[in-house]
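Survey of secondary and tertiary structure
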Amino acid sequence: MTKWWFLLGILGVLLCTGLVPADESPDAEVVVDDDIGKSRDGSRTDDEVVEREEEAIKLDGLNVSQIKEMREQSEKHVFQAEVNRMMKLIINSLYRNKEIFLRELISNASDALDKIRLLSLTDKSALEATEELSIKIKADKENHMLHITDTGLGMTKQDLVNNLGTIARSGTSEFFEKLASVDAGEANDLIGQFGVGFYSSFLVSDRVVVTSKNNADKQYIWESDSAEFSVVEDPRGNTLLRGTTVSLHLKEEAFDYLEPDSITNLVKKYSQFINFPIYLWTSKTESVEEPIDEDEEDKPAEDAEEKKTDEDEDGEVEEEEDEAKPKTKTVEKTTWDWELMNGNKPIWTRNAKDIEDEEYNEFYKSFTHKSDDPLTKTHFNVEGEVTFKSILFIPDRAPNDMFRDYGKKFDSIKLYVRRVFITENFEDMMPKYLSFIQGVVDSDDLPLNVSRETLQQHKLLKVIKKKLVRKTLDMIKKIAPEDYVEKFWKEFGTSIKLGVIEDHSNRTRLAKLVRFYSSNSDTEYTSLEEYVERMKEKQEHIYFMAGANRKEVETSPFSERLLKKGYEVLYLTEPVDEYCIQSLPEFEGKKFQNIAKEGVDIDESEKAKSRKEEVEKEFEGLTEWLKETALKDKIKDAKVSSKLTDTPCALVAGTYGWSGNMERIMLSQAYSQPGSDSSEFYKGQKKTLEINPRHPLIKKLRTTVDEDAESEKAKDLAEVLFETAVLRSGFLLEDSAGFAGRIERMLRLSMNIDLDEKVEEEPEYDDDDEDDKEEKDDDDEEKEEEEVEPVADDDAMILEDESKDHDEL
């Protein structure tokens, strides 16, 4: 029983504990958010919705009900536009170049032909009127009119009103909506997008007349002067069978577009790769053989009778044969006919496997206007985030002005959208260093502005640029080794080096393409991959030396010991080379080392290190004397060198300073600023003088300094050694006059000439002496003239005798 009471007591205690209020707990203070349960994204009460509507449309002095009532009772209007001004804005603001009117009209004609072609896939009767699918251009110079005719879909009366009478209404877009059953790939050939291309006609014409015939309606004429338009049934009846003719009454300043050459150039520039044939009504003069009339034959016959008739039998037989043939004459005749303008087909739309090299070469010559075949090419299609087709070529030689206009706009790559030329200004698609690449890019979904003259800034452009660069570098990499150096590198090597400097994302790929001369061969270039393969065991750096020419770098004091030890050194002899190498932090894990700068350690064995330490101690007095006394303000430090063999000393730049070659390049630039902070910082950095402890001059200098540290002879020798080191290391002398004076002093000493012996003075003349001398000279000249006069006749006689002798000979 006691057990049961105990259990009941425990249950009672637990029950009381559970009923204690939460705010009575001294340790746990719970704060409940007032907005708990409210959520903008979750479920909402009606009150919350009302509150948020009030916040959204609340105006000063008006409540929600008043605003709703105001909106219900307000009058509704559509935005109005003054048609004349709107048309002027479209015509004059959208297009920068008047000549694109022909591109737009041909593109519209191509769309019309594509539409009827697509309809004929499901409706065979669509082509009953005529099966011809073409575009024809005819210039009427007498009436100053230009006609563009196509055999496309044509327009009904309602289409003329809706499509041409409504600005920015695209018939192509409307056609897309109706054409749900046709394959999307087929429909992508249609060009029209914005519905304003037709109005570019008013750029060059005062009045436009459109004659159109659709299979479902009669033939109608639409006419406009850009202010108003009219539509009327064509009184001539069905003259087109099917299609549209756009007739432009050209302005006076646009009469040049009536010339066949102007039309031909525009068609070939913008529309030569349209799917359908484009014809131009043109004339040509040719020689024709015509029979001679009887009246014309009589005159030659009469003339022939007067001539001699004595001929042999063979001649008579031949004459009879000639008389049997009808006599003709050559006449120049002018004939008119339709001439095909776009014979070249867009081969980039075909499969690369089906195209011969000869076709690629002919296509390259046609659009670059060059006579030589390209060095190599690549043909590829890209699908995914952006879809485009492209053919890229490398010319056989570099353009003459490739670096003269470096960084400016270039037109080496042509951009097409659905085979219609858009622009040549392709600087956003290809980096500057690849400006020599030529080719075409054709896409169906590039972002264009309304005028279709320029590209809009879009992320797709970066994708296209990335793909083009990668494909170009792959194309270069695939050039045959025997052609790479001789045909490609000697023409475009500098461009690849500039790419290493400019293109960070492709630097590794470009590094595999660069070539340099090296100590491994006197005539052959080497790649960085080949250098790494030939590196000595435990060699951690790729050594290079930069200079003005090969002889300079080969005889540089910095390369003496490296070459003697069998290390290979890259020779950088072009101005861009050192910039290029500095832009490469490493190659295949090997860092680059400029041997003209600090940090070159060749012998790293323990014996070599200990031997170097002993020599440094031995020459410590000389290095301190050079640093603190003789060359105090000219060098940063003086130390024993481990890379000199035959040279007494050399001047070494700091790790982040200019080498001698770089200093020469920087100071010789046309736009350099010698007094600028940057140039003064790099140029003013003191260098380290490294001495060769085995050279007799250094040994003699050490002995002289040990005997007398204040010796002027020792200081002069140190100065001369320093200045020769400056020149040998490729730097410029600041005090060339002082250096020349010291050399002259040494020459005097070597030739036992007294240092104080002066130059012999030049004799001077007074003004009076000079006048007397001039008068004396004048008198002498007069006497000579008097002596010459009496013998003038004798001289003449002598000359006559000489001429007679000459004639006899």
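These figures come from a predicted structure and were not determined experimentally.

**Things to note about the overall build of the protein**
- Counting its regular elements, the protein contains 28 helices and 22 strands.
- Out of the 809 residues in the protein, the part that is buried amounts to 38%.
- Across the protein, the fraction of contacts at a sequence separation of at least 24, relative to all contacts at a separation of at least 6, is 72%.

**Examining the confidence of the model for the protein**
- Of the residues in the protein, 71% reach a pLDDT of 70 or more, and the chain-wide mean stands at 79.
- Contacts from residues 13–44, a stretch scored under 50 in pLDDT, to residues over four places away or in other chains number eight contacts.
- Across residues 787–809, confidence stays below pLDDT 50; counting only partners more than four residues off in sequence or on other chains, it has zero contacts.

**Focus: unusual backbone geometry**
- Within the chain, Leu 241 stands out as a residue other than glycine whose phi angle is a positive 65 degrees.
- Summarising the element assignment, Leu 241 is placed in the loop between strand S5 (229–233) and strand S6 (243–250).
- Residues other than glycine seldom take positive phi values, yet Asn 752 does so here, at roughly 55 degrees.
- On the secondary structure map, Asn 752 appears in the loop between helix H26 (736–750) and helix H27 (767–788).
- We classify Asn 752 as exposed; its relative accessible area is 74%.

**Quick word on the packing of helix H5 (residues 100–122) against helix H9 (residues 260–270)**
- It is at 9 Å that the axes of H5 and H9 come closest, and there the two elements cross at 65 degrees. Relative to H9, the crossing made by H5 is right-handed. Where H5 approaches H9, its residues Ile 100, Leu 102, Arg 103 and Ile 106 are matched on the opposing element by Ile 263, Leu 266, Val 267 and Tyr 270.

**Describing a nonpolar patch on the surface**
- Taken together, Leu 747, Met 751 and Ile 753 make up a surface patch of nonpolar side chains, about 280 Å² in accessible area.
- Along the polypeptide, Ile 753 turns up in the loop between H26 and H27.
- Relative accessible area serves as the criterion here: at 31%, Ile 753 is assigned to the partly exposed category.

**Structural notes on helix H21 (residues 620–630)**
- Burial in H21 covers these residues: Leu 622, Thr 623, Trp 625, Leu 626 and Ala 630. Axial view of H21: buried residues confined to an arc of 160 degrees, hence all on one face.

**A word on helix H12 (residues 357–368)**
- Its 12 residues place the ends of H12 16 Å apart at the C-alpha level, agreeing with the 16 Å of an ideal helix rising 1.5 Å per residue.
- Burial in H12 covers these residues: Tyr 360, Asn 361, Phe 363, Tyr 364, Phe 367 and Thr 368. The arc that holds the buried residues of H12, viewed along the axis, is 165 degrees, so those residues lie on one side.
- Buried-residue contacts for H12 involve strand S9 (376–382), strand S10 (388–394), strand S11 (413–417) and strand S13 (438–443).
- At the C-terminal side of H12, His 369 shows a positive phi close to 60 degrees.

**Notes on the sheet that holds S11**
- Read from one edge of the open sheet, five strands run S9-S10-S13-S11-S12, paired in mixed fashion. Each edge of the open sheet is held by one strand with a lone partner, namely S9 and strand S12 (420–423). Shown here is a sheet whose adjacent strand axes are inclined to one another by a mean of 20 degrees, direction ignored.
- Relative to S13, S11 is paired through five bridges, and the arrangement is parallel. Across the sheet, residue Lys 414 finds its bridge partner in S13, namely Val 440.
- Strands in contact with H12 are S9, S10, S11 and S13; relative to S10, the strand with the most contacts, it is inclined by about 85 degrees.

**Considerations on a positive patch on the surface**
- Among the surface-exposed residues, Lys 466, Lys 467, Lys 471, Lys 477, Lys 478, Arg 509 and Lys 512 lie close enough to one another that they form a single positively charged patch.
- Per-element tally for the positive patch: the top contributor is helix H13 (residues 459–477), with four residues.
- Inspection of the secondary structure assignment puts Lys 466 in helix H13.

**Observations concerning the nonpolar core**
- Residues Ile 394, Ile 437, Leu 468, Ile 476, Phe 488 and Leu 528 are the most contacted members of the largest nonpolar core, which totals 72 residues.
- Element by element, the count of residues in this core is highest for H13, at nine residues.
- Those residues in contact with Ile 437 that lie beyond four places of it in its chain are Leu 392, Phe 393, Ile 394, Ser 412, Ile 413, Met 430, Thr 472 and Met 475.
- Counting 53 residues, the second-largest nonpolar core is a separate cluster that includes Met 155, Tyr 199, Val 208 and Tyr 360.

**Let's talk about the pattern of salt bridges**
- Taken as a whole and assessed by the stated rule, the structure comprises 31 salt bridges.
- Within this structure, Asp 372, Asp 396 and Arg 397 form a network of salt bridges that share partners.

**Some points on the packing of aromatic side chains**
- Inspection of the entire model under this criterion finds 26 aromatic pairs.
- Aromatic pair Tyr 517 and Tyr 525: ring centres 4.2 Å apart, planes at 25 degrees, arrangement stacked.
- In this structure Tyr 517 comes out as partly exposed when scored by relative accessible area, which is 24%.
- A ring pair is formed by Tyr 543 and Tyr 567, whose centres lie 5.8 Å apart and whose planes are at 90 degrees; its orientation type is edge-to-face. Of this pair, Tyr 543 sits in strand S16 (residues 541–546) while Tyr 567 sits in the loop between helix H18 (560–564) and strand S17 (570–572), and the two are 24 residues apart along the sequence.
- What makes Tyr 543 buried here is its relative accessible area of 5%.
- Cluster of aromatic residues (ring-pair linked, three or more members): Tyr 270, Phe 273, Trp 348, Phe 363, Tyr 364, Phe 367, Phe 393, Tyr 416 and Phe 421.
- Its end group placed over the ring of Tyr 567, Lys 536 keeps NZ or CZ at 4.9 Å from the ring centre.
- Taking NZ or CZ as reference, Arg 702 lies 5.0 Å from the ring centre of Phe 619, over its face.

**Overview of the sheet that holds strand S22 (residues 687–691)**
- Across the sheet, three strands lie side by side as S20-S22-S21; this open sheet has mixed pairing. Taken across any chain shown, the strands that pair with only one partner, and hence form the sheet edges, are strand S20 (635–640) and strand S21 (649–652). Across the sheet, the axes of successive neighbouring strands diverge by a mean angle of 25 degrees, strand direction being ignored.
- Bridge analysis of S21 against S22 gives four bridges, and the strand direction is antiparallel. Each residue of the ladder has a partner; that of Val 652, found in S22, is Thr 688.

Rules used in this analysis
- Residues numbered from 1 in each chain as written.
- Predicted model: local features only at pLDDT ≥ 70, side-chain atom pairs only at ≥ 80, totals over all residues.
- Heavy atoms only, no water.
- Helix = DSSP H or I, 4+ residues; strand = E, 2+ residues; numbered from the N terminus.
- Buried < 20%, exposed > 50% of the residue type's maximum accessible area, 1.4 Å probe, protein only.
- Contact = heavy atoms within 4.5 Å.
- pLDDT = per-residue confidence, 0-100.
- Axes fitted to C-alpha atoms, helices over the stretch in contact; angles between N-to-C directions.
- Left-handed = near helix turned anticlockwise from the far one by under 90°.
- Patch = residues over 30% accessible without salt bridge, like charges linked within 9 Å, V, L, I, M, F, W, Y side chains within 5 Å.
- Areas by Shrake-Rupley, 256 points an atom, 1.4 Å probe, with all protein chains shown as cover.
- Salt bridge = Lys/Arg side-chain N within 4 Å of Asp/Glu carboxyl O.
- Arc of directions from axis to C-beta.
- Expected span 1.5 Å × (residues − 1).
- Pairing = 2+ DSSP bridges.
- Lys, Arg positive; Asp, Glu negative; His and termini not counted.
- Charge placed at Lys NZ, Arg CZ, Asp CG, Glu CD.
- Core = buried A, V, L, I, M, F, W, Y, C linked by side-chain atoms within 4.5 Å.
- Phe/Tyr/Trp six-rings, centres within 6.5 Å; stacked < 30°, edge-to-face > 60°.
- Lys NZ or Arg CZ within 6 Å of the ring centre and 35° of its normal.

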